[in-house]
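The primary structure of each chain is shown beneath.
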Amino acid sequence: MNSKPNIVVFFVDDMGYGDVSCLNRHGKIPTPHFDRLAAEGMTFTDAHSTSAVCSPSRYGLLTGRYNWRTSLQSGIVGHYGDPLIDEDRVTVASLLKRQGYDTGCIGKWHLGMGWDFEMTAEFRPDADRFNARPYPGNPAVTEETLNIWNSAFSKPTTGGPTTRGFDTYFGVDVPNWPPYCYIENDRTVGIPTEYLPPRLLGNNQASTPGPAMPYWHFEQLLPMWAEKADAFIAERAESRVPFFLYLPMTSPHTPLSVNAQWIGQSGLDNLYADLVMETDDVFGRVLASLEAHGVADDTLVMFASDNGCAHYIGTDMMEAQGHFPSAHYRGYKSDVWDGGHRVPCIVRWPGVTEPESVCDQLVCLSDLLATCAAIIGEDLPDTAGEDSASVSWLPLFMGKD
C-alpha cells in the first residue's frame, strides 16, 4: 500500500442515491463510469452526508466537523456570504498539504469566498424587476455600476479555497448565483460588465440576477472542469508529487444546462436526468486522465454526493416513468429522511479495495479527514475534526470491520 497515494474526491451536487444505475436496479439513467468505479472498487450502501443541503455538507466533508458547530444554523451560505470555514481550521486540504501534497480544487465552492466589498443593489438586483421586463436582452448597466464592479472584482477574495489549504483553485462560487464568471485562485477571471440575460433566469437555470461576463453560459462549466482536471493531473504526474484533487461539481444541481450531445440521452424527457449522464461522462474523463498520465494505480478515487436529489427538477415526471432518484428511500434534498442525506459513495484504491466489494457499514462523509490522516500516518490535533478524529474508513477499505 502506497503510504501517500494521490487522492481524488469527485463530489457531485444534488445527485440522489438512486441516480447511479449500479445502486438502483430499477433506475432508468445509465451511468457507466460510476458503475465502472463500483466494479473496480468498493460501494458504500449506507453512506450519509452531514446535511441534506449544500454548504453544510461541504463543510462537514472538508473539516471533519458537523455543520451545527458553525455560525450557520439553518440553510446555506448566502449570496456573497462570509467564509464558513474559520481561517485556522484544519481541512483535508491543509492536512495533506502539510504532508507534501499538491492540493487543488476545481468547481463549486459555496463555503463563502470572502468578497471584499460592501453588498449593494449593483451586485444582487431585485429579481422580480428584471424578470418582469417585457423585452429580451440585458438590463442597462450604468457607468457608475461598472465602476463599482471594477473596484470590487479587481480585489482578491479573502476566504476562498486558497486560504483554506488549497494550493490552486479554479471554479465558480455558486453556479446559479452571481457573479457569473470564473474565479482562479483568489481573483475573478476578468471583470463582469453586464447583467446575466433574463433568458437565463428561472426555469431551473440561474435563480438570481447579477453581474456576469459577456457571453456567459452554463453549458461551458462541465467541459471546463474536465479540462482543468486533466491539466492538474498531468502537471502533478510529471512532477511525481502526490496530489489531492477536490472536484466539487456544479451538476446535476441547477442550472439544468445540458450540452447538445446529451439532451434527450436519458430517454426520460428530463434535463436533470440528461445532466446526470453528462456528469457521469465528465467523471469518465477524469478516470481517463488518471490512466493517460500513468497515475491511476497510485490514486484513491472517491465519488460521492453532497445530498439527495432536489424534488423541484421534475421528480414527479421521472417517478411516473419508473425512475426514482432516491431509489426506495423516502424524501429528497432538504428532507430529514434518507432521501435527503443517504448518498451514493464509491471508492477505488488499487491494491487496497477489492474490486466489486460492498460495505454495508454506516459511514459519514465527515470522516474523510480522519481517513486521510490514517492513510498518511498523521495524528490529528485535538482541535481538528472533532466529529471525525476517531472514525477512519481505512479498515473498511481493507475489508475489515
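Residues numbered from 1 in each chain as written. Predicted model: local features only at pLDDT ≥ 70, side-chain atom pairs only at ≥ 80, totals over all residues. Heavy atoms only, no water.

(A) Expanded view of the overall build of the protein. Along the backbone of the protein there are eleven helices and twelve strands. By the compact-globule yardstick of 21 Å for 401 residues, the protein fits well, its C-alpha radius of gyration being 20 Å. Principal-axis analysis of the C-alpha atoms places the extent of the protein at approximately 60 × 50 × 40 Å. Taking all 401 residues of the protein together, 59% fall into the buried category. Partitioning the intrachain contacts of the protein with sequence separation of at least 6 by distance along the chain shows that 78% fall at a separation of at least 24. Working note: accessible area of the protein is about 15700 Å², and carbon and sulfur atoms make up 48% of it. Between the centroid of the 27 positive side chains of the protein and the centroid of its 51 negative side chains there is a distance of 2 Å. (Helix = DSSP H or I, 4+ residues; strand = E, 2+ residues; numbered from the N terminus. Rg over C-alpha atoms; globule rule 2.2 N^0.38 Å. Buried < 20%, exposed > 50% of the residue type's maximum accessible area, 1.4 Å probe, protein only. Contact = heavy atoms within 4.5 Å. Areas by Shrake-Rupley, 256 points an atom, 1.4 Å probe, with all protein chains shown as cover. Lys, Arg positive; Asp, Glu negative; His and termini not counted. Charge placed at Lys NZ, Arg CZ, Asp CG, Glu CD.)

(B) Spatial organisation of the state of the cysteines. Counted under the stated rule, the structure contains zero disulfides. The cysteine Cys54 is free of any disulfide, with Cys105 supplying the nearest cysteine sulfur at 12 Å. Look at Cys54 and you get buried, because its relative accessible area is 3%. (Disulfide = S-S within 2.5 Å.)

(C) Highlighting the pairing of strand 2 (residues 42-48). Of all seven residues making up strand 2, six are buried, and the element is well covered by its neighbours. Bridge count between strand 2 and strand 12 (residues 357-364): six bridges; the pairing is parallel. Looking at the pairing, Thr43 lines up with Val358 of strand 12. (Pairing = 2+ DSSP bridges.)

(D) Structural context of the packing of aromatic side chains. Going through the model one piece at a time under the given rule, you end up with 30 aromatic pairs. Arranged with centres 6.1 Å apart and planes meeting at 75°, the rings of Tyr80 and Trp115 form a pair that is edge-to-face. Taken together, the residues span a long stretch of sequence, with Tyr80 in the loop between helix 2 (54-63) and helix 3 (92-98) and Trp115 in the loop between strand 3 (102-108) and helix 4 (127-131) at a distance of 35 residues. Overall, the relative accessible area of 10% leaves Tyr80 in the buried class. In this structure Trp115 comes out as buried when scored by relative accessible area, which is 12%. Between Trp393 and Phe397 the ring centres are 6.3 Å apart and the planes differ by 80°, which places this aromatic pair in the edge-to-face class. Taken individually, Trp393 and Phe397 each receive the classification buried, so the pair is uniform in this respect. A cation over a ring is seen here: Lys228 above Phe170, with NZ or CZ 4.3 Å from the ring centre. In this structure, Arg330 packs its charged tip against the face of Trp337, placed 3.8 Å from the ring centre. (Phe/Tyr/Trp six-rings, centres within 6.5 Å; stacked < 30°, edge-to-face > 60°. Lys NZ or Arg CZ within 6 Å of the ring centre and 35° of its normal.)

(E) View of the sheet that holds strand 3. Pairing within the open sheet is mixed, and its ten strands lie in the order 6-5-4-3-9-1-10-11-2-12. Strand pairing shows two members of the sheet lacking a second neighbour, strand 6 (187-188) and strand 12, which therefore form its edges. For strand 1 (residues 6-12) and strand 9 (residues 243-248), the ladder comprises five bridges, and the chain directions are parallel. Note that in strand 9 the partner of Phe10 across the bridge is Leu247. Across the face of the sheet, helix 7 (residues 271-292) comes into contact with strand 1, strand 9, strand 10 (299-305) and strand 11 (345-348) while running at roughly 175° to strand 1. (Axes fitted to C-alpha atoms, helices over the stretch in contact; angles between N-to-C directions.)

(F) Region of the structure containing the environment of Tyr66. For Tyr66, the position within the fold is in the loop between helix 2 and helix 3. On a C-alpha basis, the gap between Tyr66 and Pro209 in space is 32 Å, while along the polypeptide they are 143 residues apart. Those residues in contact with Tyr66 that sit more than four places away from it in its chain are Thr50, Tyr59, Cys364, Ser366 and Asp387.

(G) Structural view of helix 1 (residues 32-40). By the burial criterion, the buried members of helix 1 are Phe34, Leu37 and Ala38. Taken down its axis, helix 1 places every buried residue within 100° of arc, on the same side. Its buried side turned inward, helix 1 meets strand 1, strand 2, helix 7, strand 10 and strand 11. (Arc of directions from axis to C-beta.)

(H) Local environment of the pattern of salt bridges. Under the counting rule described, the total for this entry stands at 16 salt bridges. Arg36 is the partner of Glu40 in a salt bridge, and the nearest nitrogen-oxygen pair spans 3.0 Å. Of this pair, Glu40 and Arg36 both sit in helix 1, four residues apart, which is roughly one turn of that helix. The residue Arg69 makes a salt bridge to Asp387 at a minimum N-O spacing of 2.7 Å. (Salt bridge = Lys/Arg side-chain N within 4 Å of Asp/Glu carboxyl O.)

(I) Seen up close, the packing of helix 6 (residues 221-239) against helix 7. Their axes nearest at 9 Å, the elements helix 6 and helix 7 cross at an angle of 15°. Considering their axes alone, helix 6 and helix 7 lie roughly parallel with respect to each other. Classified by chirality, the crossing of helix 7 by helix 6 is right-handed. Taken together, the residues of helix 7 that come into contact with helix 6 (itself represented by Leu222, Pro223, Ala226, Glu227, Ala229, Asp230 and Ile233) are Leu275, Glu278, Thr279, Val282, Arg285, Val286, Ser289 and Leu290. Residue classes in the contact of helix 6 with helix 7 are distributed as nine nonpolar, two polar and four charged. (Parallel < 35°, antiparallel > 145°, perpendicular 65-115°, else oblique. Left-handed = near helix turned anticlockwise from the far one by under 90°. Nonpolar A, V, L, I, M, F, W, Y, C, P; charged D, E, K, R; others polar.)

(J) Geometry of unusual backbone geometry. Each neighbour pair has its own omega, and for Ser251 with Pro252 the value is 0°, a cis peptide bond. Relative to the elements of secondary structure, Pro252 occurs in the loop between strand 9 and helix 7. Note that the residue after Thr254, namely Pro255, is joined by a cis bond; omega there is 10°. Take Pro255: it is sitting in the loop between strand 9 and helix 7.

Such coordinate-based values are descriptive only and should not be taken to indicate function.
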